[in-house]
Amino acid sequence: MNLILLGPPGSGKGTQAKLIVEKYGIPQISTGDMLRDAVAQGTELGKEAKKYMDAGQLVPDEVVIGIVKERLQQPDCEKGFILDGFPRTIPQAEALDKMLEELGKNIDAVINIQVPEEEVVKRIVNRRSCRNCGAVYHLIYNPPKEDNKCDKCGGELYQRDDDKEETVRQRYKVYKEQTEPLVEYYEKKGILYNVDGTKNIDEVFNDINAILQKFT
Ligand code: AMP
């Protein structure tokens, strides 16, 4: 099963991707996580990407396309994958189509998680992520059992540099301008499924599961 999770920043793509990984055993490919790893490791790619990420802008298409191309060829993607945060522009979607054609694969479903701007802002400023395993918490809706400590691995929780309100609003604007056109792109292909992302985590996962039944 090959999936794309689409939706604005803070719509719950990462959270839902992790639940899909647990239930269906296919890997999550998060370009945001991969870029943050590169930043943490201080690689050339990381240094280049950080400038864009801190400003709430998209990293250039050719950079992310290269990362995804390499990742999709790893053996664990044979049984399927979840793209989380990619594609984010029409050129990325077109490049993905080309890549998949070369690999003899196709996308089964694009899950579009819909959440309005004010809700996104409210969620993201209270978001905390685990430095070690990437698990995501919300200080009000989904708090860790112990302050600043990941329930799953005990790692330290931190606020992402790009999760400050001003940057979040900028990221939402970028989403509207550059990523939302993908909704129509995939609608035309007949593989788009809308999900109401304002419901709680379990309810959204139930709705996603109902869609995924067709592909398992
Ligand atoms: P995310 O964790 O998906 O919210 O991504 C965090 C940041 O990484 C974004 O605001 C972008 O700067 C960058 N990024 C992640 N995925 C992409 C992508 N597909 N294209 C361009 N930039 C990306």
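Residues numbered from 1 in each chain as written. Predicted model: local features only at pLDDT ≥ 70, side-chain atom pairs only at ≥ 80, totals over all residues. Heavy atoms only, no water.

1. Comments concerning the pairing of strand 1 (residues 2-6)
Phase 1: Of all five residues making up strand 1, five are buried, and the element is well covered by its neighbours.
Phase 2: Burial along strand 1 is two-sided: Asn2, Ile4 and Leu6 and Leu3 and Leu5, pointing in opposite directions, are all buried.
Phase 3: As defined by bridge partners, strand 1 adjoins strand 3 (residues 81-84) across four bridges and the pair is classed as parallel. Note that in strand 3 the partner of Asn2 across the bridge is Phe81. (Buried < 20%, exposed > 50% of the residue type's maximum accessible area, 1.4 Å probe, protein only. Helix = DSSP H or I, 4+ residues; strand = E, 2+ residues; numbered from the N terminus. Pairing = 2+ DSSP bridges.)

2. Some remarks on the sheet that holds strand 1
Phase 1: Here we have five strands laid out as an open sheet, ordered 2-3-1-4-8, and parallel in their pairing. Only two strands of the sheet have a single partner each, and these edge strands are strand 2 (28-30) and strand 8 (192-196). The mean inter-strand angle of the sheet, taken between neighbouring strand axes irrespective of direction, is 20 degrees.
Phase 2: The pairing of strand 4 (residues 109-114) with strand 8 spans five bridges and is classified as parallel. Within strand 8, the residue paired with Ile113 across the bridge is Val195.
Phase 3: Strand contacts of helix 1 (residues 13-24): strand 1, strand 2, strand 3 and strand 4, with the helix running at about 175 degrees to strand 3, the strand carrying the most contacts.
Phase 4: The strands touched by helix 9 (residues 201-212) within the sheet are strand 1, strand 4 and strand 8, with strand 8 carrying the most contacts at an inclination of about 160 degrees. (Axes fitted to C-alpha atoms, helices over the stretch in contact; angles between N-to-C directions. Contact = heavy atoms within 4.5 Å.)

3. A closer look at the sheet that holds strand 7 (residues 157-158)
Think of a sheet as strands paired side by side through backbone hydrogen bonds, with each pair either parallel or antiparallel.
Phase 1: On the basis of which strands lie adjacent, the open sheet formed by three strands has the order 6-5-7 and antiparallel pairing. Since the sheet does not close on itself, it has two edges, and those belong to strand 6 (136-138) and strand 7, each with one partner.
Phase 2: In this structure, strand 5 (residues 127-130) lies alongside strand 6, joined through three bridges in antiparallel fashion. Directly across from Ser129, in strand 6, lies its bridge partner Val136.

4. Observations concerning unusual backbone geometry
Phase 1: Across the junction of Phe86 and Pro87, the peptide omega takes the value 0 degrees, indicating a cis bond.
Phase 2: Non-glycine residue Asn148 carries a positive phi angle of around 60 degrees.
Phase 3: According to the relative accessible area criterion, Asn148 is exposed, its value standing at 52%.

5. Here's the deal with the packing of helix 2 (residues 31-41) against helix 3 (residues 44-54)
Phase 1: Running from N to C, helix 2 and helix 3 point in directions that differ by 120 degrees, and their axes come no closer than 7 Å. Our classification of the angle between helix 2 and helix 3 gives oblique. Between helix 2 and helix 3 lies a crossing whose hand is left-handed. In this structure, helix 2 contributes Gly32, Leu35, Arg36, Ala38 and Val39 to the contact, and helix 3 contributes Leu45, Gly46, Ala49, Lys50 and Met53. (Parallel < 35°, antiparallel > 145°, perpendicular 65-115°, else oblique. Left-handed = near helix turned anticlockwise from the far one by under 90°.)

6. Description of the nonpolar core
Phase 1: Counting 29 residues, the largest nonpolar core has Leu72, Phe81, Leu83, Leu96, Ile107, Val110 and Tyr186 as its most contacted members.
Phase 2: At the level of elements, strand 1, helix 3, helix 4 (61-72), strand 3, helix 5 (90-103) and helix 8 (181-188) are the ones that each hand at least two residues to this core.
Phase 3: Those residues in contact with Leu96, other than ones at most four positions away along the chain, are Ile4, Leu72, Leu83, Phe86, Pro87, Ile107 and Tyr186.
Phase 4: In this structure, Met1, Ile26, Ala109 and Tyr193 belong to the second largest nonpolar core, which totals 18 residues. (Core = buried A, V, L, I, M, F, W, Y, C linked by side-chain atoms within 4.5 Å.)

7. Some words on the pattern of salt bridges
Phase 1: Taken as a whole, this structure holds 25 salt bridges when the rule is applied.
Phase 2: Of the charged contacts in the structure, one is a salt bridge between Asp97 and Lys189, with a shortest N-O distance of 3.1 Å. Highlighted residues: Asp97 in helix 5 and Lys189 in the loop between helix 8 and strand 8, separated in sequence by 92 residues.
Phase 3: Given a relative accessible area of 23%, Asp97 falls into the partly exposed group.
Phase 4: In this structure, Glu117 and Arg169 form a salt bridge, with 3.2 Å as the shortest nitrogen-oxygen distance. Within this pair, whereas Glu117 is found in helix 6 (residues 117-125), its partner Arg169 is found in helix 7 (residues 165-179), the two being separated by 52 residues in sequence.
Phase 5: Look at Glu117 and you get partly exposed, because its relative accessible area is 28%. (Salt bridge = Lys/Arg side-chain N within 4 Å of Asp/Glu carboxyl O.)

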